[in-house]
Amino acid sequence: MLKVRGRPDPCVLPRAVPIVEAMLALVLVEQFMIAKSRSTIGFERVQFESPENVLMLSQQLTFLSDMRFLSRLFNIDDRALAAFRILAGVLLIVDICVRITDFRAHYTNFGVMPFDVVRNQLLLPMHFTFHLNDTLTGVLFAAVILAALCLILNFQTRFAVFISWLLLVSLQHRNPLVIQGGDTVLRLYMFWGLFLPLHRSFRRPARKSSNSPLFTIASAAMLLQICEVYWFSVALKSHAAWRVDFSAVYYALNLEQYASALGRWLLSFKPILPMLTVSTLIAETLFPLIALVAFRYKRLKLFAVWAMMLLHVFFGLAFELGTFPYISIIGWVFFLPAIFWDSLEMRVLKIRRATSWGKSALMFFRNRPGLLNRAPQILHHAAIACVVVCTLLAFLWNMRTLNIIPRQENWPRVLDLPVHILRLDQFWGMFGPRPPSEDGWFVAPAESLKENTIIDAITGLPVTWDKPVLGSTYFKNDKWRKYMNNLTYANYAPFRKNFGDYLCRRWAAEGKLLGELRVFYMMESTVPELGKGPVKKYELVKQRCALPTP
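Note that the structure is predicted; figures quoted are calculated from it, not measured. (Residues numbered from 1 in each chain as written. Predicted model: local features only at pLDDT ≥ 70, side-chain atom pairs only at ≥ 80, totals over all residues. Heavy atoms only, no water.)

Trainee: Got a minute to help me understand the nonpolar core in this structure?
Mentor: If you look at the biggest cluster of nonpolar residues, it comprises 95 residues, and the most contacted ones within it are Met190, Phe191, Trp192, Trp332, Phe334 and Phe335. Take this core: its biggest share by element is 11 residues, from helix H9 (residues 217–236). Ignoring sequence-local partners within four residues, the contact set of Phe335 consists of Leu223, Ile226, Cys227, Ala291, Leu292, Lys301 and Val305. Grouped together as the second largest cluster of nonpolar side chains are 41 residues, Val112, Val118, Leu503 and Met523 included. (Core = buried A, V, L, I, M, F, W, Y, C linked by side-chain atoms within 4.5 Å. Buried < 20%, exposed > 50% of the residue type's maximum accessible area, 1.4 Å probe, protein only. Helix = DSSP H or I, 4+ residues; strand = E, 2+ residues; numbered from the N terminus. Contact = heavy atoms within 4.5 Å.)

Trainee: Is there a simple way to think about the packing of aromatic side chains in this case?
Mentor: For any two aromatic rings, the description comes down to two numbers: the centre-to-centre distance and the angle of the planes. Evaluated as defined, the whole model comprises 28 aromatic pairs. Aromatic side chains Phe442 and Tyr521 sit 5.0 Å apart centroid to centroid with 35° between the ring planes, which places their arrangement in the tilted category. Of this pair, Phe442 sits in strand E1 (residues 438–443) while Tyr521 sits in strand E4 (residues 514–527), and the two are 79 residues apart along the sequence. In this structure, Phe442 and Tyr521 share a single accessibility class: buried. Grouped by ring-pair contacts, the aromatic residues Phe110, Trp480, Tyr483, Phe499 and Tyr502 constitute a single cluster. When the ring centre of Tyr258 is taken as reference, the NZ or CZ atom of Arg481 above it lies at 5.8 Å. Stacked on the ring of Phe520, the Lys or Arg Lys537 has its end atom at 5.2 Å from the ring centre. (Phe/Tyr/Trp six-rings, centres within 6.5 Å; stacked < 30°, edge-to-face > 60°. Lys NZ or Arg CZ within 6 Å of the ring centre and 35° of its normal.)

Trainee: Got a minute to help me understand a nonpolar patch on the surface in this structure?
Mentor: A surface patch of nonpolar side chains, amounting to about 760 Å² of accessible area, comprises Leu262, Trp265, Phe269, Ile272, Met275, Leu310, Val313 and Leu317. For the nonpolar patch, the elements supplying multiple residues, two or more each, are helix H12 (261–266) and helix H14 (298–318). The element contributing the most residues to the nonpolar patch is H14, with 3 residues. Summarising the element assignment, Trp265 is placed in helix H12. (Patch = residues over 30% accessible without salt bridge, like charges linked within 9 Å, V, L, I, M, F, W, Y side chains within 5 Å. Areas by Shrake-Rupley, 256 points an atom, 1.4 Å probe, with all protein chains shown as cover. Salt bridge = Lys/Arg side-chain N within 4 Å of Asp/Glu carboxyl O.)

Trainee: Looking at this structure, how should I read the state of the cysteines?
Mentor: Joining two cysteines, a disulfide is a covalent bond between their sulfur atoms. Tallied over the full model, the rule gives 1 disulfide. With a sulfur-sulfur separation of 1.8 Å, Cys504 is cross-linked through a disulfide to Cys545. Looking along the S-S bond of the Cys504-Cys545 disulfide, the torsion reads about -65°, which is the left-handed sense. Placement of Cys504 in helix H21 (residues 496–509) and of Cys545 in the segment after strand E5 (531–544) is noted, with a sequence separation of 41 residues between them. Exposure remark for Cys545: the relative accessible area of 7% places this residue in the buried category. (Disulfide = S-S within 2.5 Å.)

Trainee: In this structure, what is going on with the pairing of E1? I would like to understand it.
Mentor: It is a general feature of regular strands that their side chains alternate between the two faces of the sheet. Burial runs high along E1: 5 of the 6 residues are buried. Of the pairings in the sheet, the one linking E1 to E4 comprises 6 bridges and is antiparallel in character. Bridging from a neighbouring strand, Trp441 pairs with Met522 of E4. (Pairing = 2+ DSSP bridges.)

Trainee: Looking at this model, I keep getting lost on empty space enclosed by the protein. Mind explaining?
Mentor: The gaps of empty space that remain are located by a probe, the size of a water molecule, rolled over the atoms. What the rule picks out here adds up to 2 cavities of 30 Å³ or more. Here the largest cavity is characterised by a volume of approximately 60 Å³. Around the largest cavity sit Glu256, Gln257, Asp439, Gly440, Trp441, Lys467, Pro468, Gly471 and Glu524, which together line it. Broken down by element, the lining of the largest cavity gets its largest block of residues, 3 residues, from E1. Residues of the lining of the largest cavity, tallied by class, amount to 2 nonpolar, 3 polar and 4 charged. (1 Å grid on protein atoms, 1.4 Å probe; cavity = no way out; pocket = protein on both sides within 12 Å on 5 of 7 lines; lining within 4 Å. Points joined across faces, edges and corners; volume = space filled by probe spheres on them. Nonpolar A, V, L, I, M, F, W, Y, C, P; charged D, E, K, R; others polar.)

Trainee: Could you clarify how one ought to interpret the pattern of salt bridges in this entry?
Mentor: Pairs can form between side chains of opposite charge whenever their charged atoms are close. Taken as a whole and assessed by the stated rule, the structure comprises 18 salt bridges. In this structure, Asp342 engages Arg79 in a salt bridge whose closest nitrogen and oxygen atoms are separated by 2.8 Å. With Asp342 in helix H16 (residues 338–351) and Arg79 in helix H3 (residues 78–100), this residue pair connects regions lying 263 residues apart in the sequence. By relative accessible area, which is 32% here, Asp342 ends up partly exposed. A salt bridge links Lys467 to Glu256; the nearest nitrogen and oxygen atoms lie 3.1 Å apart.

Trainee: Looking at this structure, how should I read the environment of Asp439?
Mentor: Along the chain, Asp439 falls in strand E1. Linking Asp439 and Gly471, residues 32 residues apart in sequence, is a C-alpha distance of 9.5 Å. Among all residues touching Asp439, those that are not within four sequence positions of it are Asn254, Leu255, Glu256, Gln257, Tyr521, Met522, Met523, Glu524 and Lys532. A distance of 2.6 Å separates the side chain of Asp439 from the backbone nitrogen of Glu256, its partner in a polar contact. (Polar contact = N/O pair within 3.5 Å; in protein donor to acceptor, adjacent residues only side chain to side chain.)

Trainee: Which parts of the structure should I look at to understand the side chain of Gln426?
Mentor: As for its placement among the helices and strands, Gln426 is situated in the loop between helix H19 (416–421) and E1. A relative accessible area of 3% places Gln426 in the buried class. Within polar-contact distance, the side chain of Gln426 engages the side chain of Asn398 at 3.2 Å. Other than its neighbours up to four places away in sequence, Gln426 contacts Thr184, Leu188, Gln225, Ala394, Trp397, Asn398 and Thr401.

Trainee: Looking at this structure, I do not really get unusual backbone geometry. What am I missing?
Mentor: A cis amide bond links Gly432 with the next residue in sequence, Pro433, at an omega value of 0°. We note that Asn154 has phi near 60°; this positive angle belongs to a residue other than glycine. Residue position: Asn154 is located in the loop between helix H6 (134–153) and helix H7 (157–174). Positive phi outside glycine occurs at Phe431, with the angle close to 60°. We classify Phe431 as buried; its relative accessible area is 17%.

Structure follows, in C-alpha cells:
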C-alpha cells in the first residue's frame, strides 16, 4: 500500500496523473515478467522509457491473455491422448473382426458387391481403394489389425495412425452400402489423430512443466469436430416430432429393426417419452458446450463428459447401433480434465504391481512415437496449414447439410475435391429431421430345385410372412442391417439384383440350387396413438437363378 507522509500539498490533482502512470507501468512490468516465466511464447525485449513501448507491452499481454483463454478452451491432457490411442486401437480390431465374419459376403467378388460394380457405379472419381481383389483385401485386413496393435503398444504411432486411416477409408470405399454413422465417426477421429501426438504415454514426466496439457491447432480441430457431431445433429432435428409434439423418441423406439428389448419395454411408459425427447435435445446441445467452455469449473466439466458418455450408453442399450455408441464414447475421453486423470493415477499407483518382464516391455514400447515425428520443420508448418484448411472445410460442409449454404448454388465445386479425397464429408441426420415412421422385415421365398420345396433364401428356414418377435435380432449385425435397409431406397435399386445373384451363388456353393427367387420388403408404418398400421408388401428382387455350367 502506498502511504504519503509529511505535509502534502493542498492540491494533489497534478501529482495524481504521474503517480497512477508509474504504478500502472510497474504492474504491467511485473505481470509481463510473471507471464514470461510461465509461458513458452517468445517476446521481444522491450524498453520502458516511452509510452509507445508501454502500449506495445500492453498489446503483447492482451495477446497472451487471449492465447491463455484458447489454450484452456482447446487443451487435451496427455493421458487422454494415450487413452484414446489405446481405445481406438481396440475398436479398430473389434471393427475388423466384425467385418471378417462377413468377409466373403461383403468384400469379395462372390458376395453382394463385386468390385466391378463398385468401380463402375459407386466410386467417385476422387475416391480410392486398395481392395482390388479378394487376396489383397485379406492381406489389408491383416494390415489393419497389425496397425491397431502398434497403436495399442505405442510403437511407430504416427505411422500406425496414418496406415489405419488410409486402410479404413479404402475399406469403406470397397462397400459403401454397409457404412453407418459409427464408421464415419471413426474415420474422422483417425484423420484428426494424424495431427495429434498420440504417442504420449500415461507416465508422468520428470519435469512438472512438461506435463502441461496439449494445446495446438489439431487439438482445437478434434474437440470442435466432436462438438459439431451433436450441434449439427440438433440443428437437423427440425421436424415437429422433435420441436412441437416431442414424439420423436416414440417413433424411434417403434423402429423394430433398431429397438432392442429394453427399447421395446420403454414403449410401455408413454408419458415419459416426450421428456426423453426434450432431454435428448438439451443434452446434445448443452453438454458439449459445457464440456468445451467450463475449463474453470473442472467438476462441472467432468459431469458434462460423464453425462454424454451415459447418453451413448443409453443409446447402445435401447437401440442396436453396432459400434457407434462405443466409438462416440472414446471421443469424449479427450474432454476429461486433469483432475480425473490425477485421481485415476493415484488409484492405479496403489494397486499396480509390475513384474520385471512387464517393466522391460514398457521400457521397450515407451516413447517410440514413430518415424514421422522426426519430420523436418517445413512439414510441421504444412501440417498446421492443413489442419486449419480442413477444419474450415469440415465446418462449411456441415453448414451445407443444413441448406444454409445451398448445395448447388454459391458452393464452389472445387471444394468437393479435397473434402472427398480426405473423406471429411459428414452428415449427422440420424433420426433427423424426424425419425422414420416406417420399417419392416424381409421375406425371400425361393424354389429349392433339389428338395422341391420353398425356403427363405435369407434365413434358410421355411417361408413365413409373420413379423419377427424382435425385429432387431433378424439381422446378423449392424452391417447387414444397414445394407438391407439401403436396398429399400430407390436410389439403391440398381444393386438389388446383385443381392439376388449373391443368394443364388451362396446356396449353389452349399449344394442347394435355387430356381425362381423373390425378395419382398414387408413395410409397416407407425401411427400415432394407434401403434402399427397395415403391412404393405414391396417386391425388391424377382429373378431366376442361373444353373451352374457342367
